[in-house]
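# What the coordinates show
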Amino acid sequence: MKRLLTYLVAMVVAVGLAGPAAATASAHPRFTALVFSKTAAFRHDSIPAGVAAIRQLGAEHNFTVDATEDASAFTDANLARYDVVVWLSTTGDVLNDQQQAAFKRYIRAGGGYAGVHAASDTEYDWPWYGRLVGAYFRDHPGSVNAQFQVATVNVLGRDTPATRPLPRYWDREEEWYNFRTNPRHTVRVLAEVDERTYDPRGYSVPGGSPGMGPHHPVSWCQPFDGGRAFYTAMGHKSEYYSDPLLLAHLYGGIRMAAGVTPFNCGTEN
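Right, let's walk through the structure included here. Bear in mind the structure is a predicted one, so any value in this text is a computation, not a measurement.

## As for the pairing of strand 1 (residues 32-36)
- Taking burial as the measure, the 5 residues of strand 1 include 5 buried ones, the bulk of the element.
- Neither face of strand 1 is left uncovered, since the one carrying T32, L34 and F36 and the one carrying A33 and V35 both have all their residues buried.
- Judged from the 5 bridges that link them, strand 1 and strand 2 (residues 64-68) form a sheet pairing that is parallel. Looking across to strand 2, one finds that F36 is bridged to T68.
- Crossover handedness for the path strand 1 to helix 2 (residues 47-61) to strand 2: right-handed.
- Examined bridge by bridge, strand 1 and strand 3 (residues 84-88) share 4 bridges and lie parallel to one another. The residue bridging A33 from the neighbouring strand is V84, located in strand 3.

## With respect to the environment of A67
- Within the element layout of this structure, A67 appears in strand 2.
- Taking relative accessible area as the criterion, A67 reaches 33% and is therefore assigned partly exposed.
- As for A67 and S37, which are separated by 30 residues in sequence, their C-alpha atoms are 7.8 Å apart.
- Beyond its immediate sequence surroundings of up to four residues, A67 is in contact with L34, V35, V51 and R55.

## Looking at the sheet that holds strand 4 (residues 112-116)
- Strand order across the open sheet formed by 9 strands is 2-1-3-4-11-10-9-6-7, with mixed pairing between neighbours. Either end of the sheet is taken by a strand with one partner, and the two such strands are strand 2 and strand 7 (169-174). Across the sheet, the mean angle separating the axes of adjacent strands is 20° when strand polarity is ignored.
- As paired strands, strand 6 (residues 149-155) and strand 7 are joined by 6 bridges and run antiparallel to one another. Pairing of V150 across the sheet is with E173, part of strand 7.
- Its contacts with the sheet put helix 2 on strand 1, strand 2 and strand 3, and the angle it makes with strand 2 is roughly 160°.

Thresholds applied
- Residues numbered from 1 in each chain as written.
- Predicted model: local features only at pLDDT ≥ 70, side-chain atom pairs only at ≥ 80, totals over all residues.
- Heavy atoms only, no water.
- Buried < 20%, exposed > 50% of the residue type's maximum accessible area, 1.4 Å probe, protein only.
- Helix = DSSP H or I, 4+ residues; strand = E, 2+ residues; numbered from the N terminus.
- Pairing = 2+ DSSP bridges.
- Right-handed = clockwise from strand over helix to strand, strands pointing away.
- Contact = heavy atoms within 4.5 Å.
- Axes fitted to C-alpha atoms, helices over the stretch in contact; angles between N-to-C directions.

Distances and angles like these do not, on their own, reveal function.
As structure tokens, this is what we get:
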């Protein structure tokens, strides 16, 4: 009995000593993210909801989230604090030459980029950024058809954190982007929207511009210029940032870009 009491006392002491250290270890953030949402053209009213959703993901999954619309944050010293920079529905020309150069150095040093929705409607005069995001926005439905339509997303590879939580066929409403080029030969496409399930004609041509055909990507990833890049075209409306599946997709993509999970994003064949 005396030996048992001695053992129990020793266990209590050990747990007491380990407790604070264990708590400190678990409290240490897994990675750091900067959410950048400056706009110089169209501004999505969903930006605050998107920032709040990413902050909530950080609180739930133990990563640090800072948010800014101040382009002066793009310096070598400040960007070095982050594992990933999330461009959340940015539009237009948002960085000057010096800030662009700092971001390019950040990516080349192994940094991560996660683009959300209108991130592809950004920096049209900076070809390096166009290659990083993968494709520039062209248009979306909304002239001869409905701007927001329910369509079926075909989720392709299930071996990434951005796709694993999703159903193989995912029916959801969105403002479905058409892109100026199809990036599927230079990136790994993670999801395509099936144009047979909605009217893809865009507003940029009278009578409606054509869609992108049977392989219409809406999410992809790629290793790029020393860093990691993830993009999803989804996320137009504020209410979408309450959708558990979209949040799981976004969280997985942010993790991939941050480099804290396997980055299975080689060039698609």
